[in-house]
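Observations on the three-dimensional arrangement
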Amino acid sequence: GDIFVLRNAGNSLSHAEGSVVGSLEYSIGPLGAKLILVLGHTKCGAMMGAAQTMLNAQKAAGGGAAPAKKTTLDTLLHGLAPVTQKAQGQLAHGASAEEIGAHAVKVNVFAGMEKLLNYSAPIREKVKSG
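Reading the values: the criteria
- Residues numbered from 1 in each chain as written.
- Predicted model: local features only at pLDDT ≥ 70, side-chain atom pairs only at ≥ 80, totals over all residues.
- Heavy atoms only, no water.
- Helix = DSSP H or I, 4+ residues; strand = E, 2+ residues; numbered from the N terminus.
- Buried < 20%, exposed > 50% of the residue type's maximum accessible area, 1.4 Å probe, protein only.
- Polar contact = N/O pair within 3.5 Å; in protein donor to acceptor, adjacent residues only side chain to side chain.
- Contact = heavy atoms within 4.5 Å.
- Patch = residues over 30% accessible without salt bridge, like charges linked within 9 Å, V, L, I, M, F, W, Y side chains within 5 Å.
- Areas by Shrake-Rupley, 256 points an atom, 1.4 Å probe, with all protein chains shown as cover.
- Salt bridge = Lys/Arg side-chain N within 4 Å of Asp/Glu carboxyl O.
- Axes fitted to C-alpha atoms, helices over the stretch in contact; angles between N-to-C directions.
- Parallel < 35°, antiparallel > 145°, perpendicular 65-115°, else oblique.
- Left-handed = near helix turned anticlockwise from the far one by under 90°.
- Nonpolar A, V, L, I, M, F, W, Y, C, P; charged D, E, K, R; others polar.
- Core = buried A, V, L, I, M, F, W, Y, C linked by side-chain atoms within 4.5 Å.

**Comments concerning the overall build of the protein chain**
- Of the regular secondary structure elements, the protein chain holds six helices and zero strands.
- In the protein chain, the order of α-helices and β-strands from amino to carboxyl end is α-α-α-α-α-α.
- For the protein chain, the spread of C-alpha atoms along the three principal axes comes to 50 × 30 × 25 Å.
- A total of 130 residues make up the protein chain; the buried ones form 29% of that total.

**Things to note about the side chain of His 103**
- Along the chain, His 103 turns up in helix H5 (residues 97-119).
- Here Gln 90 takes part through its side chain, which lies 2.6 Å from a polar atom of the side chain of His 103.
- Among all residues touching His 103, those that are not within four sequence positions of it are Ala 87, Gln 90 and Leu 91.

**Looking at a nonpolar patch on the surface**
- Judged by side-chain polarity, Phe 4, Leu 6, Tyr 26 and Leu 31 come together as a nonpolar surface patch covering roughly 360 Å² of accessible area.
- As for its placement among the helices and strands, Leu 31 is situated in the loop between helix H1 (19-28) and helix H2 (45-63).
- A residue is classified by how much of its surface remains accessible, and Leu 31, at 45% relative accessible area, is partly exposed.

**Overview of the pattern of salt bridges**
- Within this structure, the stated rule accounts for one salt bridge.
- Of the charged contacts in the structure, one is a salt bridge between Lys 128 and Glu 125, with a shortest N-O distance of 3.9 Å. Of this pair, Lys 128 and Glu 125 both sit in helix H6 (residues 121-129), three residues apart, which is roughly one turn of that helix.
- Taking the relative accessible area as the measure of exposure, Lys 128 reaches 65% and is therefore exposed.
- According to the relative accessible area criterion, Glu 125 is partly exposed, its value standing at 46%.

**Overview of the side chain of Ser 27**
- Mapped onto the elements, Ser 27 comes out in helix H1.
- Excluding residues that lie within four positions of it along the chain, Ser 27 makes contacts with Phe 4, Gly 32 and Ala 33.

**Some words on the packing of helix H4 (residues 81-89) against H5**
- Running from N to C, H4 and H5 point in directions that differ by 120 degrees, and their axes come no closer than 8 Å. In terms of axis orientation, H4 runs oblique to H5. Along this stretch, H4 crosses H5, giving a crossing that reads as right-handed. On H5, the residues touching Val 83, Thr 84, Lys 86, Ala 87 and Gln 88 of H4 are Ile 100, His 103, Ala 104, Val 107, Asn 108 and Ala 111.
- Here the contact of H4 with H5 is built from residues that sort into six nonpolar, four polar and one charged.

**Considering the nonpolar core**
- Cys 44, Met 47, Val 83, Ala 87, Ile 100 and Ala 104 are the most contacted members of the largest nonpolar core, which totals 17 residues.
- Listing elements by their share of this core, those giving two or more residues are H2, H4 and H5.
- With six residues, H5 is the largest single contributor of residues to this core.
- If near-sequence neighbours (up to four positions away) are discounted, Ala 104 is found in contact with Met 47, Val 83, Thr 84 and Ala 87.
- Of all hydrophobic cores here, the second largest spans nine residues; its members include Leu 13, Val 20, Leu 24 and Ile 123.

Any functional reading would require information that these geometric values do not contain.
What follows is the structure, given as structure tokens:
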């Protein structure tokens, strides 16, 4: 096909060994892709969930509550914490989960581009070579 599409919840790239990074390396290598687009979308449920998870963790840390048992989804949402924390820091104090999640979509696009460059030598080389 003309387009090689990769999608996952929250457009998350929280781990270098993830299938997204490997798949992108495949797309720019054997498939010969010349362009990678990192996108987000409005009302992203994963970003809203990550924002709420972060706010819940902040509240629990203040109250000394025991952490809940983690599922794979919890791990994914916690992996997005640096993005939601950065988004929260760029908003007015007391921003809601919805406000943080909406802004985190934008923050995550730039974080994703940075992570791809950090995680993947083949992608870094393609960017350097134009």
